[in-house]
Amino acid sequence: MIRPAAGDSPFAQAARTTWDVLVIGAGPAGSLAATLLARGGRRVLLVDVHAFPREKACGGCLNALAVEILRHCGLTHILEQSEAAPLGSFRLACRSQVAEWPLTGSVAVHRGRFDEALAQSAVAAGAVFLDSTRAVVLPEGGPPVLPDGAAPVRRVILQREDSRETVSARLVLCADGLTHSSLKRLPEFASQAASGSRIGLGGAMVDESADWPAGRLSMAVGDCGYAGLVRTASGSLSLGAAIDPGALTGEAQPVDVLEQILNQCGLPVPPGLAGMDLRGTPLLTRRASHCAGHRLLVLGDAAGYVEPFTGEGIAWALHSALLAVPLAVEAGSGWRRELEADWTRILRRKVTRNQWTCRLLARLLRSPALAGLSLKICRRLPVVPRSIMSRIGRSQPRLPPVCPDKPQP
Ligand SMILES: Cc1cc2nc3c(=O)[nH]c(=O)nc-3n(C[C@H](O)[C@H](O)[C@H](O)COP(=O)(O)OP(=O)(O)OC[C@H]3O[C@@H](n4cnc5c(N)ncnc54)[C@H](O)[C@@H]3O)c2cc1C
């Protein structure tokens, strides 16, 4: 990890460089985009507000598409570094109803290690990574020097402890997750949480019980939310949950709500749950009003969020990074206004369109009665869950090429 040192500080150096691409957010979307662009010879600055390695609220499940994208990008070593364990089945419990289906191509990972390994891959490819650095994109402005009156760069404020620098980049990729806080000065990019949206809870715990075997993704649906659990290769148990914010009123703690969900489904409460470092998120389901602006593309969760079930969230984030790379390369040789519409169209066609099944499932799981009934139907007609599972986890027939040509000097 590159850390600013006294004297010759990479932070101050960043401000003196005009970057080809500034990537905001070192989650799966940002780090994959930074890796691929740095590999292609672009000068890439990757920044993240957190000190790395950092933990994240996540169930730690990657679906077949996510695994396929990593393979496509020559990054399968990331899986070994993040304690990946294959998942062979998906078990869904809703009150007294339980059903289990086979899963193919999915793995369980330790999310903190996964993101750390991916950020390291960007550094290994030649990107400069500044962690503990908050980015805020500035509105367009300043002296336009190009014949069409547009600015030749996008400017971003970077803040680290009590230092502050303004950096310039030919393109900014905003991959800063759910709240896309780096765009707070651009009101046209504001996103809105959907009504009835849930909040996320997640983390990893030490658990040696035999109740949660390796190789199985278990999901419990209760009255006020649902929780998924998987075991990684090192034996730790990852938990990801979405709960109604209203369930946390009064004395109720997040752990109590999770225990209640497991109890309602007759599932054992892992002994490590009470002491785990549980992380929360803001309201989950949201849609961004804009996904592109002048020399700015928004990707991953920052472009809109739908609750994932069997590892779709990271797959969508990685896929959007892969799709953004050709546009980022094109932007390096000059910005065309049409790139904004191109990106919005590509995202809609290749990512957002594939999210409707999860959107529908999220609605269904909101009503335990409806979810229980659906489970009954699925047990009678196994072809239904099989086709849903293959639809939400299916791999893309054609992934775009990953190594853009090095730019001409
Ligand atoms: C409870 C829960 C469980 C989940 N479980 C799963 C699962 O099992 N499988 C799955 O595939 N998906 C899961 N998801 C979804 C998944 O976590 C996201 O879809 C995925 O992380 C999106 O990646 P991203 O790169 O777009 O954003 P993120 O991973 O959120 O990364 C964004 C990064 O930007 C940084 N950042 C934010 N603001 C700034 C700023 N202003 N300046 C600099 N940096 C900034 C953040 O620190 C963060 O590191 C889960 C989500 C939740 C909430």
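Owing to the predicted nature of the structure, the values given are computational and were not obtained by experimental measurement.

1. Considering the overall build of the protein chain
Here is step 1: A tally of regular secondary structure across the protein chain gives eleven helices and 19 strands.
Here is step 2: Over its C-alpha atoms, taken along the principal directions, the protein chain stretches across nearly 65 × 45 × 40 Å.
Here is step 3: If you take every contact in the protein chain between residues at least 6 apart in sequence, the share linking residues at least 24 apart comes to 74%.
Here is step 4: Summed over all atoms, the accessible surface of the protein chain reaches about 17,300 Å², with 53% contributed by carbon and sulfur.
Here is step 5: On the protein chain, the mean spot of the 45 positive side-chain charges and the mean spot of the 35 negative ones are 7 Å from each other.

2. Some thoughts on the sheet that holds strand 12 (residues 216-222)
Hydrogen bonding along the main chain pairs the strands of a sheet, whether they run parallel or antiparallel.
Here is step 1: Pairing is mixed in the open sheet, where eight strands are placed in the order 3-5-4-12-13-14-11-15. In this open sheet, the two strands that pair with only one neighbour each are strand 3 (61-62) and strand 15 (279-283).
Here is step 2: For strand 4 (residues 85-94) and strand 12, the ladder comprises six bridges, and the chain directions are parallel. Bridge assignment links cysteine 94 to a residue of strand 12, and that residue is valine 221.
Here is step 3: Across the face of the sheet, helix 3 (residues 64-72) comes into contact with strand 3 and strand 5 (97-108) while running at roughly 5° to strand 5.

3. A closer look at the site of the ligand
Here is step 1: Taken together, 39 residues surround the ligand, and among them Asp48, His50, Cys61, Asp301 and Ile314 come closest.
Here is step 2: At a separation of 3.0 Å, a nitrogen atom of the ligand approaches a polar side-chain atom of serine 181.
Here is step 3: Here an oxygen atom of the ligand and a backbone polar atom of aspartate 301 are 2.8 Å apart.
Here is step 4: For the ligand, the accessible surface in isolation is 1,000 Å², of which the surrounding protein chains cover 94%.
Here is step 5: Those elements that provide at least two residues to the shell around the ligand are helix 2 (28-39), strand 7 (134-137), strand 11 (199-205) and helix 7 (312-332).
Here is step 6: Broken down by class, the residue content of the shell around the ligand amounts to 17 nonpolar, 14 polar and eight charged.

4. Here we look at the packing of helix 2 against helix 7
Here is step 1: Between helix 2 and helix 7, the least distance of the axes is 8 Å, while the angle of their chain directions is 35°. Crossing hand, helix 2 versus helix 7: right-handed. Together, Pro28, Ala29, Leu32, Ala33, Leu36 and Leu37 of helix 2 and Ile314, Ala317, Leu318, Ser320, Ala321, Leu322, Val325, Ala328 and Val329 of helix 7 make up the contact between the two elements.
Here is step 2: Grouping the amino acids of the contact of helix 2 with helix 7 by side-chain chemistry returns 14 nonpolar, one polar and no charged.

Reading the values: the criteria
Residues numbered from 1 in each chain as written. Predicted model: local features only at pLDDT ≥ 70, side-chain atom pairs only at ≥ 80, totals over all residues. Heavy atoms only, no water. Helix = DSSP H or I, 4+ residues; strand = E, 2+ residues; numbered from the N terminus. Contact = heavy atoms within 4.5 Å. Areas by Shrake-Rupley, 256 points an atom, 1.4 Å probe, with all protein chains shown as cover. Lys, Arg positive; Asp, Glu negative; His and termini not counted. Charge placed at Lys NZ, Arg CZ, Asp CG, Glu CD. Pairing = 2+ DSSP bridges. Axes fitted to C-alpha atoms, helices over the stretch in contact; angles between N-to-C directions. Near = heavy atom within 4 Å. Polar contact = N/O pair within 3.5 Å; in protein donor to acceptor, adjacent residues only side chain to side chain. Nonpolar A, V, L, I, M, F, W, Y, C, P; charged D, E, K, R; others polar. Left-handed = near helix turned anticlockwise from the far one by under 90°.

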